[in-house]
Amino acid sequence: MTFKILKSMLAGVVLFSASLAIVQPAQADAISDIQGKGVINIGMLVDFPPLGFINAENEPDGYDPDIGKLFAEKLGVDINIVPVTGPNRIPYLLSGQADILISSLAITPERAEKVDFTTPYAAVRVGIFGGVDVPVTKVEDLDGRAVGVTRASGQDVSLTAIASDAVEIRRFDDDVSAVQALLSGQVELIGVSNIGMKQIHEMRPGQYEEKFEMNRFILALGIHPDQPEMMDYANTFLAEIEASGQLPEIYEKWFAEPFPEFAAQ
């Protein structure tokens, strides 16, 4: 190894060490830094009701904002909701634009390579949904029927994995189109989340029902991987609001169904 190469490597080590010296104290003091600033920046989806949406007063509302407000209250700081999208929410967390994600974030192995997840705080269920007069209770009953799904969605992936070749899967470009296909009679059944089911029940009460569940996507808060103290704090918070009954109450308020047994355990 030449002196020139060695010198270059040493310089790199010095720069790397210096960068750690700058970054690590800020990461190690995440909770106290937030409390010192008096505000927490929480990344949230605001276009995914009932988890997060903009209400008639032009304010963020829904399940995630309710949880975020309780978290800020526990910290003793104000809340600043940072609107994020599905693709940019993890980059916002890693870049420091958000202190934490309460953004309908499903736990997946791919995401776990980038961020840390708290214990679960909610779940999105996907199932087969259709008219009350359609005699379907299990996957085998779908044979010979047309089932609508949103293309490349969780329900598409879930149905494709379990359906036989005798099922006609009709793929639509978005959730609205899939729901409209059901309501207009283009398909007897659709694969849809419990969120979509709730919305259909509100539009057409008593006409449709869930036939069976296909899959569940467990949601958790997203934490920067270098902030174990934030992880501990957030997990303690979730355990406290579950034990107090606040978490189940908020869940039932927005989802109109009991709090999942597997969430926030």
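Shown above is the structure to which this text applies.
Residues numbered from 1 in each chain as written. Predicted model: local features only at pLDDT ≥ 70, side-chain atom pairs only at ≥ 80, totals over all residues. Heavy atoms only, no water.

## A look at the overall build of the protein chain
Piece 1. Each helix and strand counted, the protein chain has 10 helices and 11 strands in total.
Piece 2. A total of 265 residues make up the protein chain; the buried ones form 46% of that total.
Piece 3. Sequence-distant contacts in the protein chain: of pairs separated by 6 or more residues, those separated by 24 or more amount to 68%.
Piece 4. Here the protein chain displays about 13,300 Å² of accessible surface, and carbon together with sulfur accounts for 55% of that area. (Helix = DSSP H or I, 4+ residues; strand = E, 2+ residues; numbered from the N terminus. Buried < 20%, exposed > 50% of the residue type's maximum accessible area, 1.4 Å probe, protein only. Contact = heavy atoms within 4.5 Å. Areas by Shrake-Rupley, 256 points an atom, 1.4 Å probe, with all protein chains shown as cover.)

## Here we look at the packing of aromatic side chains
Piece 1. Enumeration over the complete set of coordinates arrives at 9 aromatic pairs.
Piece 2. Ring centres of Tyr63 and Tyr121 lie 5.6 Å apart, and the angle between their planes is 15 degrees; this geometry places the pair in the stacked category. Highlighted residues: Tyr63 in helix 3 (residues 63–75) and Tyr121 in strand 7 (residues 116–131), separated in sequence by 58 residues. No difference in accessibility class separates Tyr63 from Tyr121, as the two residues are buried.
Piece 3. Considering the side-chain rings of Phe71 and Tyr233, the 5.9 Å spacing of their centres and the 85 degrees angle between planes classify their relative orientation as edge-to-face. One end of the pair, Phe71, is in helix 3; the other, Tyr233, is in helix 9 (residues 228–243), with 162 residues separating them in the sequence.
Piece 4. Classification of Phe71 by relative accessible area gives buried; the value is 0%.
Piece 5. If you follow Lys74 out to its NZ or CZ, it ends over the ring of Tyr233, 5.0 Å from the centre. (Phe/Tyr/Trp six-rings, centres within 6.5 Å; stacked < 30°, edge-to-face > 60°. Lys NZ or Arg CZ within 6 Å of the ring centre and 35° of its normal.)

## Observations concerning the packing of helix 8 (residues 194–203) against helix 10 (residues 246–255)
In a packed pair of helices, the relevant descriptors are the angle between the two axes and the axis-to-axis distance.
Piece 1. Contact geometry for helix 8 and helix 10: axes closest at 10 Å, N-to-C directions at 55 degrees. Judged by the angle between their axes, helix 8 and helix 10 are oblique. From helix 8, Asn194, Ile195 and Lys198 reach across to helix 10, where they touch Tyr251, Trp254 and Phe255. (Axes fitted to C-alpha atoms, helices over the stretch in contact; angles between N-to-C directions. Parallel < 35°, antiparallel > 145°, perpendicular 65-115°, else oblique.)

## Observations regarding helix 9
Piece 1. An ideal rise of 1.5 Å per residue puts 22 Å on 16 residues; helix 9 measures up with 23 Å between its terminal C-alpha atoms.
Piece 2. Once helix 9 ends, the next one or two residues include Gly245, with phi positive near 90 degrees. (Expected span 1.5 Å × (residues − 1).)

## Quick look at the pairing of strand 7
Piece 1. Within strand 7, 14 of the 16 residues are buried, leaving the element largely enclosed by the surrounding structure.
Piece 2. When strand 7 meets strand 11 (residues 208–223), the two strands line up antiparallel, connected through 13 bridges. Bridge pairing in strand 11 places Pro120 opposite Ala220.
Piece 3. Pairing analysis gives 5 bridges linking strand 7 to strand 10 (residues 189–193), with the strands arranged antiparallel. From the neighbouring strand, Val126 faces strand 10, where its bridge partner is Ser193. (Pairing = 2+ DSSP bridges.)

## Some details on unusual backbone geometry
Piece 1. Residue Pro50 follows Pro49 across a cis peptide bond; omega there is 0 degrees.
Piece 2. Along the chain, Pro50 falls in the loop between strand 2 (47–48) and strand 3 (52–54).
Piece 3. The phi dihedral of Ser104 falls on the positive side, at around 55 degrees, and the residue is not glycine.
Piece 4. Assignment of secondary structure puts Ser104 in strand 6 (residues 100–106).
Piece 5. If you check the backbone angles, Ala256 has positive phi at about 55 degrees while not being a glycine.
Piece 6. Here Ala256 shows up in the segment after helix 10.
Piece 7. Classification of Ala256 by relative accessible area gives exposed; the value is 60%.

## Some details on the pattern of salt bridges
Piece 1. Counted under the stated rule, the structure contains 13 salt bridges.
Piece 2. Its salt-bridge partner being Arg125, residue Glu213 comes within 3.6 Å of it at the nearest N-O pair. Residue Glu213 is located in strand 11, and its partner Arg125 is located in strand 7; the two are separated by 88 residues in the primary sequence.
Piece 3. What makes Glu213 partly exposed here is its relative accessible area of 34%.
Piece 4. A relative accessible area of 14% means that Arg125 is categorised as buried.
Piece 5. Two residues, Arg216 and Glu213, come together in a salt bridge whose shortest N-O distance is 2.6 Å.
Piece 6. The structure contains a network of salt bridges with shared partners spanning Arg125, Glu210, Glu213, Arg216 and Glu257. (Salt bridge = Lys/Arg side-chain N within 4 Å of Asp/Glu carboxyl O.)

## Quick notes on the sheet that holds strand 7
Piece 1. Here we have 8 strands laid out as an open sheet, ordered 5-1-6-11-7-10-8-9, and mixed in their pairing. In this open sheet, the two edge strands, each paired with only one partner strand, are strand 5 (78–83) and strand 9 (168–172). Adjacent strand axes in the sheet meet at a mean angle of 25 degrees when their direction is disregarded.
Piece 2. Here strand 8 (residues 146–150) pairs with strand 10 via 2 bridges, running parallel. Each residue of the ladder has a partner; that of Val147, found in strand 10, is Leu189.

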